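Spelled out from the first residue to the last, the chains are:
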Amino acid sequence: MIMPQKTLITPVILSGGSGTRLWPLSTPAKPKQFLNLLGPLSMFQLTLQRCADEGVYRRPIIVGSANHTEIMREQMQEVGATPGAIILEPCARNTAPAIALAALAAENPEDLLLVMPSDHMIKNIKAFQKAVQDSVPVAQSGWLVTFGIEPTGPATGYGYIQQGGPIAGSSGSLAAERFVEKPNQENAETMLADGGYHWNAGIFLFRADTYLTAMEKFSPEMLAACKSAMSGKETVQEFCYPESEAFASAPSDSIDYAIMERAEKVAVTPVNPGWSDVGSWDSLFEICDGDNQSNVKFGKTATIGSSNNLIHSLDLEVAVLGVDNLIIVSHGQKVMILPRGQSQDVKKLAQKAEEKD
């Protein structure tokens, strides 16, 4: 008896972000995906390791920024990762065009693409991998699958996905009823009470041709620009450089706005893998274990009579006495101190510091 060949999945790792929400550690030269925030490995490296099983995954396609060529190369070498392709965006055009570049670079139109941001944390890898495998038949049959995270509270920092009915023949995937923008507190609480809503993690599984067909229908100008950029690409060693003027002409839009909210066959697979987008210093505090006074500490720190603080200092020695609920971060010549719960405003501090510099 001939056993059917297992479908290998092509990981698509999006690593072009340059956010400042984790300033002063995160900078345009070294954004958060390349930082060792949670241990010896960066989140980019942890994402590479998440898809290292050659019995399940092909070599990954990495879509990143031309500004991060060296750091990507160094960090891939450190964990022994060999990519199938590294596509370097000449400019940032958001996730929809970035994913189109990867879909156009796939070996075959029918290839399954697992699209993942490189700056997210997933603690329960087994639960995540099971959800991916359970979603394979759905994606193979032409659905655009997104993974919905089970909410742990009425968070206002994430978009939501409302589930619809089950998909015939699937192992838990549901039709996506609608996408909801980041809600205010009242609406978040209402959705949590109603049930059937999931956090939108920005992780997707679909065939390359399914995505490109949807883009042809809903964002034809974007697809044309990406096709032109890839047809004029230059390849140097392992790096692929799409033609810059063509790619810059692509409308800048997220996959959610451009495709997922408009396509007919969109599925959501619920999963609870201990996920976090580590989108702020507050979220880092929430996912880390504290000491006996609930202080989360990294580096050279000392605390007396202090509780519920996040202290991150790999260069300076930081000592605190009698303070609670603070975020204290030092990096090089910069020190940031603010109350916990206000780290969404770190961008303002970063911009002010840049103005002075």
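Residues numbered from 1 in each chain as written. Predicted model: local features only at pLDDT ≥ 70, side-chain atom pairs only at ≥ 80, totals over all residues. Heavy atoms only, no water.

Novice: Is there a simple way to think about the pattern of salt bridges in this case?
Specialist: Pairing between side chains becomes possible if they bear opposite charge and their charged atoms approach one another. Inspection of the entire model under this criterion finds nine salt bridges. Among the salt bridges present, the one from Asp119 reaches Lys32, with a minimum N-O distance of 3.7 Å. Of this pair, Asp119 sits in the loop between strand S4 (112-117) and strand S5 (121-122) while Lys32 sits in the loop between strand S1 (9-15) and helix H1 (43-50), and the two are 87 residues apart along the sequence. Take Asp119: its relative accessible area is 18%, and that puts it in the buried class. Between Asp345 and Lys348 there is a salt bridge, with the nearest N and O atoms lying 3.7 Å from each other. For Asp345, a relative accessible area of 36% puts it in the partly exposed group. (Salt bridge = Lys/Arg side-chain N within 4 Å of Asp/Glu carboxyl O. Helix = DSSP H or I, 4+ residues; strand = E, 2+ residues; numbered from the N terminus. Buried < 20%, exposed > 50% of the residue type's maximum accessible area, 1.4 Å probe, protein only.)

Novice: Would you take a moment to explain the packing of aromatic side chains for this structure?
Specialist: How two aromatic rings sit relative to each other is set out by the distance from centre to centre and by the angle between their planes. On inspection of all chains with the given rule, the structure shows seven aromatic pairs. With centroids separated by 5.2 Å and ring planes inclined at 65°, the aromatic side chains of Phe34 and Phe44 adopt a geometry described as edge-to-face. With Phe34 in the loop between S1 and H1 and Phe44 in helix H1, this pair connects stretches of sequence that are ten residues apart. Note on accessibility: Phe34 and Phe44 belong to one class, buried. (Phe/Tyr/Trp six-rings, centres within 6.5 Å; stacked < 30°, edge-to-face > 60°.)

Novice: I keep staring at the sheet that holds strand S17 (residues 334-339) and nothing clicks. Help me out?
Specialist: The strand order across the open sheet formed by four strands is S14-S15-S16-S17, and the pairing between neighbours is mixed. The open sheet is flanked by strand S14 (296-304) and S17, the only strands paired with a single partner. Strand-to-strand twist in this sheet, taken as the mean axis angle between neighbours without regard to direction, amounts to 20°. Relative to strand S16 (residues 326-331), strand S15 (residues 310-321) runs parallel, the two sharing four bridges. Its bridge partner lying in S16, Ile311 is registered against Ile328. (Pairing = 2+ DSSP bridges. Axes fitted to C-alpha atoms, helices over the stretch in contact; angles between N-to-C directions.)

Novice: Could you clarify how one ought to interpret the packing of H1 against helix H2 (residues 69-78) in this entry?
Specialist: To characterise two packed helices, one gives the angle between the axes of the helices and the distance between these axes. Close contact between H1 and H2 brings their axes to 10 Å; oriented N to C, the two are set at 50°. By the criterion of interaxial angle, the relationship of H1 to H2 is oblique. Both H1 and H2 take part in a crossing whose hand is right-handed. Here H1 contributes Phe44, Gln45 and Leu48 to the contact with H2, which in turn contributes Met72, Gln75, Met76 and Glu78. (Parallel < 35°, antiparallel > 145°, perpendicular 65-115°, else oblique. Left-handed = near helix turned anticlockwise from the far one by under 90°. Contact = heavy atoms within 4.5 Å.)

Novice: Got a minute to help me understand the packing of helix H3 (residues 95-105) against helix H7 (residues 220-231) in this structure?
Specialist: Interhelical geometry of H3 versus H7 gives an angle of 50° and a closest axis separation of 10 Å. Here H7 runs oblique to H3, going by the angle between their axes. The handedness of the crossing between H3 and H7 comes out as right-handed. Two secondary-structure elements touch here, H3 through Ala96, Pro97, Ala100, Leu101, Leu104 and Ala105 and H7 through Met222, Cys226, Lys227 and Met230.

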